Amino acid sequence: MIQDLCIIMLTAGITSLLFKLLKQPVVLGYIVAGMMVGPYVLGEAWVTDKASVDTWGQIGVLFLLFAMGLEFSFKKLLQVGTTALIAAGTIVVGMMATGFLVGRLFGWSEINSLFLGGMLCMSSTTIVFKALDDMGMRNHQFASICFGILVVEDLFAVVLMVLLTSIATSRSFEGTALLLEVAKLVGYLVLWFVLGILLLPTFLRRFKRSLNDETLTILSVGLCLGMVLLAIGAGFSSALGAFVMGSLLAETLEAERIERLMEPVKNIFGSIFFVSVGMMIDPSLLATHWLPILVITLVVILGQILFGTFGTLLSGQSLKVSMQTGFALVQIGEFAFIIADLGEDLGVTDRSLYPIVVAVSVITTFLTPFVIRGAEPAFQALDRHLSDGTRRLLANYARSRNTVSQQTLFQRYLRRVLLSLLVYGVIIIFIYTLFFHILDPWLDRQLPNYIPQWLVEGVELVGLLILCSPFLYAIIHAGGRSEESRQLWHSTHTQQAKLIAVSLLRIFVSINIVAYAIYRFFTFTYGIVFAVALVVVLLVMLSRRVRRQSHALNHRFSNNLSARETAAERRRSVSRSFEGSLLSYDLHIADFQLPPESTLCGHSLQQSGIRQSSGVSVVRIVRGGIHINIPGGRSILYPGDKIVVAGTDEQIQRFHRLLDTSQRTPSDRQSGTRTHVTLEQFVVGPSSPLVGTSLMQSGIREQAQCVVMGIERDGSLLANPDPQLTFRTGDLVVVAGETERIRQFVRSNSGDDKEESSEG
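Residues numbered from 1 in each chain as written. Predicted model: local features only at pLDDT ≥ 70, side-chain atom pairs only at ≥ 80, totals over all residues. Heavy atoms only, no water.

Help me understand the overall build of the protein in this model?
Along the protein, the regular secondary structure elements total 34 helices and eight strands. Here the protein holds 760 residues, and 48% of them are scored as buried. The contacts in the protein between residues at least 6 apart in sequence include a share of 78% that link residues at least 24 apart. As presented, the protein carries roughly 38,600 Å² of accessible surface, and 62% of it is formed by carbon and sulfur atoms. (Helix = DSSP H or I, 4+ residues; strand = E, 2+ residues; numbered from the N terminus. Buried < 20%, exposed > 50% of the residue type's maximum accessible area, 1.4 Å probe, protein only. Contact = heavy atoms within 4.5 Å. Areas by Shrake-Rupley, 256 points an atom, 1.4 Å probe, with all protein chains shown as cover.)

Now the structure itself:
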């Protein structure tokens, strides 16, 4: 086992270095390493215990998805906007249907074709951003759209894994069963999202002083594995649990720190996972199935370009940005391997599908930078053949899509009410499930038989309703105190009637929730149950204690949910609203760190010529927590400044090149041998000019570029002596500075040279 791990890590390390030199993603190096040490190339002479490698690979999947969850955050879904949702939906539906059709054309089974479609509909977050970083395009407008699309695709991948597992186990496409699985998944996500936001940030904030790096790492891994067990217990995959816990921790203030701490763990186990992926590739199968590999590769590249461009264009972006987005997503990545591994574990996919998909992933990943570079020439070629009418049509459509459409007050109010019903309804269902399936049977076994059953059930019912009362109160008053409801109430009588109708609906839902609990304990007639439930709901509505508890929970949830966003907004270079308003003018914001070796350091904005040479506008300079908004031409640039600029993609790209060319070469930065600060000492001789002068008058600090650390006199050391202290004959002076400068100063002030010259 140790030998196998040693061989895997050494091979992965060497191949990753090689791929770094070739400027290729290290993921490809890991896969190549797996092929080299796998049983199909060198036999079983190298890695002998493949089962242990598979186990490590499964652990690697958990940490890989946990790290993806840390980068995900549920709130990012609300921030990516309709562009990412429409584009991602178009890509997912289009690529999944195309992949399924291609699989059927090759004569594969329905389940193999369905898994193939699932593998082809998601691009690689890691590969896309690595390519954009290497090409200096991370600050382009289409890069942020790609990020939003990838966020939506990551969430869909988790949902897809659950659905594929359900289909694979049932071997059918029953719509009712799938809807139940989706509803179960939504309930699971909503439940743990609410509980996680209520508990995790509060817990981490309370014990922040005790959470050093070691403790936080152990706690994060423990939480991840704990959620994995809960997901398995709920009938979901372990990968889903890891992803959910990562996304919950992403909402806390410690998210960046946890992400940094988990990076080495993710790298180690992630590399083992990708090595295990490579070990499953049989080169002979690749040679046999060269035609499917070639066809699927073309389908991925052309399909992602087509559906990505069309989806982004449909969302209201310009043709150029849409094509850049589509051309950037032409690969399949981590989730494709995970879905392929899922099919292998479930035993529903053919043995040849795994290496085919891995080969397609390797080829498309290698081609990604070249395809991205082809977006601009492709747009120019297409634009030359477009008629003026088509250009006007696209421009008018983009303008109409980017015009903010105002929802009516009642629509916003109704959306708030429905969201509250969903969230608090899921929590109450969870409490009911725990109570009736776990707590109630346990209490029945523990209580003695002589206690009347009606009394036990009455006490249990009261306790259950007390536990649910804060959430019942939230359902009853959902949206009732919002700004929308107040404006609607003071408008027309029709709007007032709608408010009353929605309020009666909320009360009716609450009555039925209470009635269900009563009916589980007592078999009264429906009229009696309804009447008792109505009384309980009225008591909940009028109870001040329940109201305080409900408001406290809402307040904690709201504060915890917005804590990281609030902290990030303080650190933002510019406000989100200002950045968003620039998009209508084909402008966007980018920030750059001014390197210490840049020739721009020490010059004013006017002297630097940034505006003239690149065309960007400097809107803010961030320096040590101080924000200089709209700096003037006399503002000086200092090393380490964060320069926030606004401009088009081309202007920002020119400014990026300006920063790169402004850096001094190593020969400019270093003019001679490097000197060090050392500790030296010398004795003040009787003829030294230092005798009788004070430290301040001697000029030793300026002439020798040193600091007097101490003076040894009469057997005692005067540490950090006073500047007014005078030197005496025989003083042992201890100084810190550059050795050669100190020696020159001692020789010039010893008095020996003067005596020698007078004797001559």
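Once the structure has been displayed, the description carries forward.
I'm lost on the nonpolar core in this one. Help?
In summary, soluble globular proteins display a tendency toward joint burial of nonpolar side chains. Counting 156 residues, the largest nonpolar core has Leu 65, Phe 115, Tyr 188, Leu 240, Ile 296, Phe 335 and Leu 464 as its most contacted members. When residues of this core are assigned to their parent elements, the largest contribution, 17 residues, is made by helix α8 (residues 141-170). The next biggest cluster of nonpolar side chains, apart from the first, holds 17 residues, and it includes Leu 605, Val 616, Ile 621 and Leu 658. (Core = buried A, V, L, I, M, F, W, Y, C linked by side-chain atoms within 4.5 Å.)

Hey, could you run me through the pattern of salt bridges in this one?
As a working rule, side chains carrying opposite charge can pair if their charged atoms are close by. Tallied over the full model, the rule gives ten salt bridges. With a closest N to O distance of 3.9 Å, Arg 260 and Asp 213 form a salt bridge. Taken together, the residues span a long stretch of sequence, with Arg 260 in helix α12 (residues 255-279) and Asp 213 in helix α10 (residues 213-233) at a distance of 47 residues. The exposure class of Asp 213 is partly exposed, given its relative accessible area of 34%. Here Asp 388 and Arg 391 are joined by a salt bridge, their closest N and O atoms 3.0 Å apart. In this pair, Asp 388 and Arg 391 both sit in helix α19 (residues 388-402), three residues apart, roughly one turn of the helix. The exposed category is assigned to Asp 388, whose relative accessible area is 52%. With a relative accessible area of 29%, Arg 391 lands in the partly exposed category. (Salt bridge = Lys/Arg side-chain N within 4 Å of Asp/Glu carboxyl O.)

Sorry, what's going on with the packing of helix α15 (residues 319-328) against helix α18 (residues 375-385) here?
Each pair of packed helices can be summarised by the angle the axes make with each other and by the distance between the axes. Here α15 crosses α18 at 140 degrees, and the two axes come no closer than 9 Å. Here α15 lies oblique to α18, going by the angle between them. In the packing of α15 onto α18, the handedness of the crossing is right-handed. Taking contact as the criterion, the partners of Leu 319, Lys 320, Met 323, Gln 324 and Phe 327 in α15 are, on α18, Ala 375, Glu 376, Ala 378, Phe 379 and Leu 382. Here the contact of α15 with α18 is built from residues that sort into seven nonpolar, one polar and two charged. (Axes fitted to C-alpha atoms, helices over the stretch in contact; angles between N-to-C directions. Parallel < 35°, antiparallel > 145°, perpendicular 65-115°, else oblique. Left-handed = near helix turned anticlockwise from the far one by under 90°. Nonpolar A, V, L, I, M, F, W, Y, C, P; charged D, E, K, R; others polar.)

Just to check I follow, could you spell out the pairing of strand β2 (residues 617-623) for this structure?
Regular strands have side chains that alternate between both faces of the sheet. Counted residue by residue, β2 has five buried out of seven residues, so it is predominantly covered. Pairing between β2 and strand β4 (residues 642-647): five bridges, direction antiparallel. Bridging from a neighbouring strand, Arg 620 pairs with Val 644 of β4. (Pairing = 2+ DSSP bridges.)

What's the story with the sheet that holds strand β8 (residues 732-738) in this structure? I'm lost.
Here we have four strands laid out as an open sheet, ordered β5-β8-β6-β7, and antiparallel in their pairing. Each edge of the open sheet is held by one strand with a lone partner, namely β5 (677-683) and β7 (716-719). Neighbour to neighbour, the strand axes of the sheet diverge by 25 degrees on average, direction disregarded.

Is there a simple way to explain the side chain of Thr 90 in this structure?
Looking at where Thr 90 falls in the secondary structure, it is placed in helix α5 (residues 81-105). When sequence neighbours within four positions are dropped, the list of residues in contact with Thr 90 reads Phe 307, Phe 310, Gly 311 and Leu 314.

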